[in-house]
Amino acid sequence: MPRAQAIDTSVGPIGGQALPEGVMMRRGQSWGAAVRRQDGSIGTTSRILPASLNKWRTLPLVRGVMALGETAALGTKATVWAAQERGDERGDGYTRKGLFATVAIAIIAVVGVFGLLPAVLVKLAGIDGTITFPLSEGLIRLGILVGYLFLLGRSPQVQRVFAYHGAEHMTIHAFEHRVSLTPEHIRTFSRRHPRCGTAFLLVVVITTMFVHAFMGHQSWQVLVVGRILGLPLVAGIAYEAIRFAGRHQHQLIGRLIMAPGSWLQGITTAEPTDDMIEVAVAALEATLAAEPLAAAVTTAPLGAVEVAR
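Just so it is clear, the structure is predicted and the values come from calculations on it, not from any experiment.

Engineer: What is the right way to look at the overall build of the protein chain in this model?
Structural biologist: The number of helices and strands found in the protein chain is twelve helices and five strands. Relative to its 309 residues, the protein chain shows a buried fraction of 44%. Considering only contacts within the protein chain whose residues lie at least 6 apart along the sequence, 70% involve residues at least 24 apart. Of the accessible surface of the protein chain, which amounts to about 14,900 Å², a share of 67% is contributed by carbon and sulfur atoms.

Engineer: Looking at this structure, how should I read the packing of aromatic side chains?
Structural biologist: Here a ring pair, both rings aromatic, is described through the centre-centre distance and the interplanar angle of the planes. Under the counting rule described, the total for this entry stands at zero aromatic pairs. Over the ring of Phe175 we find Arg178; its NZ or CZ atom is 5.6 Å from the centre of that ring.

Engineer: Explain the pattern of salt bridges to me, please; I cannot follow it from the model alone.
Structural biologist: It is possible for side chains bearing opposite charge to pair when their charged atoms get close. Using the criterion set out here, one finds twelve salt bridges in the structure. For the salt bridge of Arg63 with Glu240, the shortest nitrogen-to-oxygen distance reads 2.7 Å. With a gap of 177 residues between them, Arg63 in helix H2 (residues 62-86) and Glu240 in helix H9 (residues 231-247) connect regions that are remote in the sequence. The pair formed by Arg63 and Glu240 is uniform in burial state, with each residue classed as buried.

Engineer: Explain the packing of helix H5 (residues 156-176) against helix H11 (residues 274-289) here, please?
Structural biologist: What describes two packed helices is the angle between their axes and the distance between those same axes. Packing of H5 against H11 leaves a shortest axis separation of 8 Å and a crossing angle of 55°. Comparing their axes, H11 and H5 come out oblique. Both H5 and H11 take part in a crossing whose hand is right-handed. Every residue of H11 that contacts H5 at Arg160, Ala163, Tyr164, Ala167, Glu168, Met170, Thr171 and Phe175 is listed here: Met276, Ile277, Val279, Ala280, Val281, Leu284 and Leu288. For the contact of H5 with H11, the class distribution of residues is twelve nonpolar, one polar and two charged.

Engineer: Is there a simple way to think about helix H7 (residues 197-213) in this case?
Structural biologist: Given 3.6 residues per helical turn, the α-helix brings residues three or four places apart onto the same face. With 17 residues, H7 ought to run about 24 Å at 1.5 Å a step, and its terminal C-alpha atoms sit 24 Å apart, in line with that. Of the positions making up H7, those classed as buried are Thr198, Ala199, Phe200, Leu202, Val203, Val204, Val205, Thr207, Thr208 and His212.

Engineer: Whenever I open this one, the nonpolar core confuses me. Can you help?
Structural biologist: In this structure, Ile14, Val23, Met25, Tyr164, Ile186 and Ile277 are the most contacted members of the largest nonpolar core, which totals 27 residues. Elements represented by at least two residues in this core include exactly strand E2 (22-27), H5 and H11. It is H5 that provides the largest number of residues to this core, a total of nine residues. Tyr164 has contacts with Ala18, Leu19, Glu21, Gly22, Val23, Arg36, Met276 and Val279, leaving out every residue within four places of it along the chain. Ranked by size, the runner-up nonpolar core spans 16 residues in total, among them Ala199, Val234, Ala235 and Leu264.

Engineer: Just checking my understanding: could you explain the environment of Leu149 for this structure?
Structural biologist: By the element assignment, Leu149 lies in helix H4 (residues 132-152). Since its relative accessible area comes to 9%, Leu149 is described here as buried. In sequence terms Leu149 and Ile267 are 118 residues apart; their C-alpha atoms lie 7.1 Å from each other.

Engineer: When you look at unusual backbone geometry in this model, what are you seeing that I'm missing?
Structural biologist: The phi angle of most residues is negative, glycine excepted, and most peptide bonds adopt the trans form. Its identity as a non-glycine residue notwithstanding, Glu21 has a phi of 60°, on the positive side. Structurally, Glu21 can be placed in the loop between strand E1 (15-19) and E2. Overall, the relative accessible area of 18% leaves Glu21 in the buried class. The backbone of Arg178 sits at a positive phi, close to 60°, despite the residue not being glycine. Examined against the element boundaries, Arg178 turns out to sit in the loop between H5 and helix H6 (183-186).

Engineer: Just checking my understanding: could you explain the confidence of the model for the protein chain for this structure?
Structural biologist: Should the pLDDT be low somewhere, the predicted coordinates at that spot are not to be read in detail. Across the protein chain, the average pLDDT comes to 82, with 86% of residues at 70 or higher. Considering only residues more than four positions removed or in separate chains, one finds that residues 298-309, a stretch of pLDDT under 50, has 30 contacts.

Engineer: Would you mind showing me how to read the pairing of strand E3 (residues 30-36) here?
Structural biologist: Successive residues of a regular strand alternate their side chains across the two faces of the sheet. With seven of its seven residues buried, E3 lies for the most part within the structure. Neither face of E3 is open: one carries Ser30, Gly32, Ala34 and Arg36, the other Trp31, Ala33 and Val35, and all of them are buried. Here E2 runs beside E3; their pairing, made up of six bridges, is antiparallel. Note that in E3 the partner of Val23 across the bridge is Ala34. Note that E3 and strand E4 (residues 42-48) share seven bridges and pair antiparallel. Bridging across to E4, Trp31 finds its partner in Arg47. Counted between consecutive antiparallel strands, the loop separating E3 from E4 contains five residues, among which Gly40 sits at a positive phi close to 95°.

Basis of the calculations
Residues numbered from 1 in each chain as written. Predicted model: local features only at pLDDT ≥ 70, side-chain atom pairs only at ≥ 80, totals over all residues. Heavy atoms only, no water. Helix = DSSP H or I, 4+ residues; strand = E, 2+ residues; numbered from the N terminus. Buried < 20%, exposed > 50% of the residue type's maximum accessible area, 1.4 Å probe, protein only. Contact = heavy atoms within 4.5 Å. Areas by Shrake-Rupley, 256 points an atom, 1.4 Å probe, with all protein chains shown as cover. Phe/Tyr/Trp six-rings, centres within 6.5 Å; stacked < 30°, edge-to-face > 60°. Lys NZ or Arg CZ within 6 Å of the ring centre and 35° of its normal. Salt bridge = Lys/Arg side-chain N within 4 Å of Asp/Glu carboxyl O. Axes fitted to C-alpha atoms, helices over the stretch in contact; angles between N-to-C directions. Parallel < 35°, antiparallel > 145°, perpendicular 65-115°, else oblique. Left-handed = near helix turned anticlockwise from the far one by under 90°. Nonpolar A, V, L, I, M, F, W, Y, C, P; charged D, E, K, R; others polar. Expected span 1.5 Å × (residues − 1). Core = buried A, V, L, I, M, F, W, Y, C linked by side-chain atoms within 4.5 Å. pLDDT = per-residue confidence, 0-100. Pairing = 2+ DSSP bridges.

Here it is, written out as structure tokens:
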């Protein structure tokens, strides 16, 4: 089976995310997106990122924080483009202002609800053991994450996004294994992928427990400041772990690291249809098509170069 073959590391890391009725992918400085239009055709766009930030994208730990920021920015831009390409004029949430507000609220929620709230609850409960405090905090954080994703997935619209998420992963697997990008070949691969953002969040939860276990008992001031300022460090460590697992996904160590995230992806991915896989392939091809442009342009503002079809 193709999935048992070693990946071709020369293709470099490639990632992406699902969009409403579409997929966005990125490799290096290039990214592309594809969406199924209401008339059944597929629209695509290709763009490049500024080369001025390349040195930061290669620094261990720092590149994890960079990846998070750029993923949020690209996801917002791609979602706006996809809604406009489909002609979804009625959705207020797909305006630039609406999505900017959504991202801002999401950041506040991540820092407040996901990052700080579990620690506050455990502190108020009077738990202060070196092991029991971070363990209890981590379990609450895990419950928030799993519960949110489970409730989110009950929406039929979100289920379609989850299916596009599965198509994205399967297509990336096929590309990394140098398999023909046709639905029948792509379907031989798992819809779970070690570099998934969902897996990243779960690794963040686990990493947080280990990091905070070394901090010992903390005052309220240190607790609040540490949980907020410590998020970039935890995100950087988790990102490195995910990259390592992706490079060793067919080895025992890679499978162990990705096991919890793989389980969680059972919630956030669904089996795609062939037409969803076709959209994911179109997004990958659009990304690869932008690479000659990325190589030719040394410095460009975000989104300054675009090829739309």
